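# Structural description and commentary
Residue-level listing of the chains:
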Amino acid sequence: MINIGLLEFKHYTDEYGSLVALEENNNIPFDIKRVYYIYGVLTNVRRGFHSHKALDQALICVKGSVKILVKTHTEEEIYTLNSPTEALYIGPMIWREMYDFSEDAVLLVLASEKYDEADYIRKWEVYYPLAVDYFSKK
Ligand code: TYD
């Protein structure tokens, strides 16, 4: 799907455990200006329900599992994230919803810009025509 990708990370595993290293513009395909994490989400909660106009993000479920629905005006896909060695890359103009968080889930998010409410599109009816226009030019 356009503006979506799965990233697989090298992990350094020995008898002491495992380590994954993330570097901007290396195994993370953008500048990392912000990191946040979501945890303690009840299993019946669904969150997200927005798109970003210009943001790049990488979502890593470092513990537990979570499902991510990504969609545009024409396509939709569901990913299950349950590994600290993979990320879902979400580029601009992708609607996302996050649900089925396991009790222990910790969803780490790397973002290409600092928090900016003006970059959010929080209503599907606002998103839809903007997506038609954006993807027609891709
Ligand atoms: P929000 O983006 O609405 O979360 P979700 O899409 O996962 O449901 O963010 C929840 C709250 O956290 C909202 O009040 C804004 C705040 N927030 C920040 O202050 N900084 C951030 O980087 C993010 C992502 C959210």
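Quick caveat, the model's predicted, so the values are computed rather than measured.

### Describing the overall build of the chain
Regarding its fold elements, the chain presents 1 helix and 12 strands. Its C-alpha radius of gyration of 15 Å places the chain within 12% of the 14 Å reference for a compact globule of 138 residues. Expressed as a percentage of the 138 residues in the chain, the buried residues total 43%. About 7,800 Å² of surface is accessible on the chain, with carbon and sulfur atoms providing 52% of the total. Placing the 15 positive and 21 negative side-chain charges of the chain at their respective mean positions leaves the two points 6 Å apart.

### Here we look at the nonpolar core
It is characteristic of soluble globular proteins that their nonpolar side chains tend to be buried jointly. Ranked by internal contacts, the top residues of the largest apolar core, which has 24 residues, are I68 and L107. Elements supplying a minimum of two residues to this core: β6 (57-63), β7 (66-71), β8 (76-81), β9 (86-90), β10 (95-99), β11 (106-111) and α1 (124-136). In this view, L107 contacts Y36, Y37, I38, L59, I60, C61, V66, I68, L81, M98 and F101; residues no more than four positions away in its chain are not counted. Membership of the second largest hydrophobic core comes to 10 residues, among which are L7, F9, I28 and L108.

### Here we look at the site of the ligand
Inspection of the region around the ligand gives R34, Y36, I38, R47, G48, H50, M98, Y115, Y120 and R122 as its neighbouring residues. For the ligand, an oxygen atom lies 2.4 Å from a polar atom in the side chain of R34. Taking R122, its side chain carries an N or O atom lying 3.3 Å from an oxygen atom of the ligand. About the coverage of the ligand: the protein hides 60% of its 530 Å² of free accessible area. Counting residues per element, the ones that place at least two in the shell around the ligand are β4 (34-39) and β5 (47-52).

### Here we look at the sheet that holds β4
Read across the open sheet, the 5 strands follow the order β1-β9-β6-β11-β4; overall the sheet is antiparallel. Looking along the sheet, the strands with just one partner apiece sit at the ends: β1 (4-8) and β4. Averaged over all pairs of adjacent strands, the angle between strand axes in this sheet comes to 25°, irrespective of strand direction.

### What to know about a nonpolar patch on the surface
A surface patch of nonpolar side chains, amounting to about 360 Å² of accessible area, comprises V35, Y37 and Y39. Structurally, Y37 is set in strand β4.

### Some points on the environment of E117
Position of E117 among the secondary structure elements: in the loop between β11 and β12 (120-121). Judged by its relative accessible area of 38%, E117 falls in the partly exposed class. Between the C-alpha atom of E117 and that of H52, which follows or precedes it by 65 residues, the distance is 9.3 Å. A polar contact of 2.5 Å, which involves the side chain of E117, links it to the side chain of Y115.

Calculation notes
- Residues numbered from 1 in each chain as written.
- Predicted model: local features only at pLDDT ≥ 70, side-chain atom pairs only at ≥ 80, totals over all residues.
- Heavy atoms only, no water.
- Helix = DSSP H or I, 4+ residues; strand = E, 2+ residues; numbered from the N terminus.
- Rg over C-alpha atoms; globule rule 2.2 N^0.38 Å.
- Buried < 20%, exposed > 50% of the residue type's maximum accessible area, 1.4 Å probe, protein only.
- Areas by Shrake-Rupley, 256 points an atom, 1.4 Å probe, with all protein chains shown as cover.
- Lys, Arg positive; Asp, Glu negative; His and termini not counted.
- Charge placed at Lys NZ, Arg CZ, Asp CG, Glu CD.
- Core = buried A, V, L, I, M, F, W, Y, C linked by side-chain atoms within 4.5 Å.
- Contact = heavy atoms within 4.5 Å.
- Near = heavy atom within 4 Å.
- Polar contact = N/O pair within 3.5 Å; in protein donor to acceptor, adjacent residues only side chain to side chain.
- Pairing = 2+ DSSP bridges.
- Axes fitted to C-alpha atoms, helices over the stretch in contact; angles between N-to-C directions.
- Patch = residues over 30% accessible without salt bridge, like charges linked within 9 Å, V, L, I, M, F, W, Y side chains within 5 Å.
- Salt bridge = Lys/Arg side-chain N within 4 Å of Asp/Glu carboxyl O.

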